[in-house]
Amino acid sequence: ALRNESGARRTIEVTTYAEVVLHHSAAHAAHPAFQKLFVQTEHDPEHDVLLVRRRPRSADERHPWLLHALVGPGESEHETDRVRFVGRGRTPAAPRALCTREPLSGTTGSVLDPVVAFRRTLVLEPHAEATLYAVLGAAPERGALRELAARLDTTALDDAFLRAAAREEELLAALGVDAARAEAWQ
């Protein structure tokens, strides 16, 4: 949640970034550049999500699909090309996308080094607040991810967090763990 505690209107940009690996970790570690050649990205404008898949190299090869979204108010931009986001000679710790005023390019398709990144720019009036949710999801097929994307709204995500908190409390009670010990474990 973002809260503007000042007496002035504020424009805030929130940006997400994740690198994509849709293969077994050992295969990716052995040949990361080669493995990335088989990854394709797309933007679903109806639900404002990024969908990512690994193209199979044979009829019996199966890989999960990935979904990424930044749900909430504000204008949305996206990027799936690591070089455009991070920049040449830079690292994810100080990417070009956070050091310039340029919008994210919206590049999708078969990019050489795929990532998923969203940016939302929102205006918060004095003493106002807004909530954004960064979502990563996976499913065995595109249709299942589109069904998930159709359900992504702030009310559904608020409910999911409330249910998760209630489930955690139930689990801690069943285990006989108090809040202080649970916090220490986390």
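Cut-offs used in this document
Residues numbered from 1 in each chain as written. Predicted model: local features only at pLDDT ≥ 70, side-chain atom pairs only at ≥ 80, totals over all residues. Heavy atoms only, no water. Helix = DSSP H or I, 4+ residues; strand = E, 2+ residues; numbered from the N terminus. Buried < 20%, exposed > 50% of the residue type's maximum accessible area, 1.4 Å probe, protein only. Contact = heavy atoms within 4.5 Å. Lys, Arg positive; Asp, Glu negative; His and termini not counted. Charge placed at Lys NZ, Arg CZ, Asp CG, Glu CD. Pairing = 2+ DSSP bridges. Axes fitted to C-alpha atoms, helices over the stretch in contact; angles between N-to-C directions. Polar contact = N/O pair within 3.5 Å; in protein donor to acceptor, adjacent residues only side chain to side chain. Phe/Tyr/Trp six-rings, centres within 6.5 Å; stacked < 30°, edge-to-face > 60°. Expected span 1.5 Å × (residues − 1).

1. Description of the overall build of the chain
- The helix and strand inventory of the chain stands at six helices and nine strands.
- Across its three principal axes, the chain shows a C-alpha extent of roughly 50 × 45 × 35 Å.
- Within the chain, buried positions represent 34% of all 186 residues.
- Long-range contacts, defined as pairs at least 24 residues apart, comprise 72% of the intrachain contacts of the chain with a sequence gap of at least 6.
- The positive charge centre, built from 23 side chains, and the negative charge centre, built from 27, are 7 Å apart in the chain.

2. Describing the sheet that holds strand 4 (residues 49-54)
- Read from one edge to the other, the open sheet built from four strands follows the order 3-4-5-9, with strand pairing classed as antiparallel. Unpaired on one side and paired on the other, strand 3 (39-44) and strand 9 (133-139) mark the two borders of the sheet. Going from strand to strand, the sheet's axes swing by 20° on average, the running direction of each strand aside.
- Lying on the sheet, helix 4 (residues 142-150) is in contact with strand 3, strand 4, strand 5 (65-71) and strand 9; it crosses strand 5 at an angle near 15°.
- Together, strand 5 and strand 9 form the strand contacts of helix 5 (residues 154-175), whose direction differs from that of strand 9 by roughly 80°.

3. Structural notes on the sheet that holds strand 7 (residues 114-124)
- The strand order 2-7-6 describes an open sheet built from three strands, whose pairing is antiparallel. Across the chains shown, the open sheet's two edge strands, defined by having one partner strand only, are strand 2 (10-19) and strand 6 (75-81). Here the average twist between neighbouring strands, direction ignored, is 15°.
- Sheet topology places strand 2 next to strand 7; ten bridges connect them, and they run antiparallel.

4. Concerning the pairing of strand 5
- Most of strand 5 is tucked away, with seven of its seven residues classed as buried.
- Side-chain alternation along strand 5 places Trp 65, Leu 67, Ala 69 and Val 71 on one buried face and Leu 66, His 68 and Leu 70 on a second face that is also buried.
- With three bridges joining them, strand 4 and strand 5 adopt antiparallel strand pairing. Its bridge partner being in strand 5, Leu 51 is matched across the sheet by Leu 67.

5. Re the side chain of Arg 119
- Tracing the sequence through the fold places Arg 119 in strand 7.
- Polar contacts involving the side chain of Arg 119 include one to the main-chain carbonyl oxygen of Glu 102, which spans 3.4 Å.
- The contacts of Arg 119, once residues within four sequence positions are left out, are Glu 13, Val 14, Thr 15, Leu 70, Glu 75, Ser 76, Glu 77, Ala 97, Leu 98, Glu 102, Pro 103 and Leu 104.

6. Overview of the packing of aromatic side chains
- With the rule as written, the count across this model stands at two aromatic pairs.
- Seen in terms of ring centroids, Tyr 17 and Phe 85 are 4.9 Å apart; in terms of plane orientation they differ by 20°. Their pairing is stacked. Placement of the pair is Tyr 17 in strand 2 and Phe 85 in helix 3 (residues 82-86), with a sequence separation of 68 residues.
- Between Tyr 133 and Phe 161, the aromatic rings sit 5.6 Å apart at their centres with planes inclined by 25°, giving stacked as the arrangement. Separated by 28 residues along the polypeptide, Tyr 133 in strand 9 and Phe 161 in helix 5 bring together distant segments of the chain.
- Among the residues examined, Tyr 133 registers a relative accessible area of 9% and is labelled buried.

7. Digging into helix 5
- The first and last C-alpha atoms of helix 5 sit 31 Å apart over 22 residues, in line with the 32 Å expected at 1.5 Å per residue.
- Here helix 5 starts with a cap whose side-chain oxygen sits 3.0 Å from the backbone nitrogen of Thr 155, and that cap is Asp 153.
- Taken from the residues just after helix 5, Gly 176 is the one with a positive phi, measuring 70°.

8. A short note on unusual backbone geometry
- Even without being glycine, Asp 48 reaches a positive phi, approximately 55°.
- By secondary structure assignment, the location of Asp 48 is in the loop between strand 3 and strand 4.
- One non-glycine residue, His 127, lies in the positive phi region at around 65°.
- Assignment of secondary structure puts His 127 in the loop between strand 7 and strand 8 (129-130).

Purely spatial values, then, with no claim about function.
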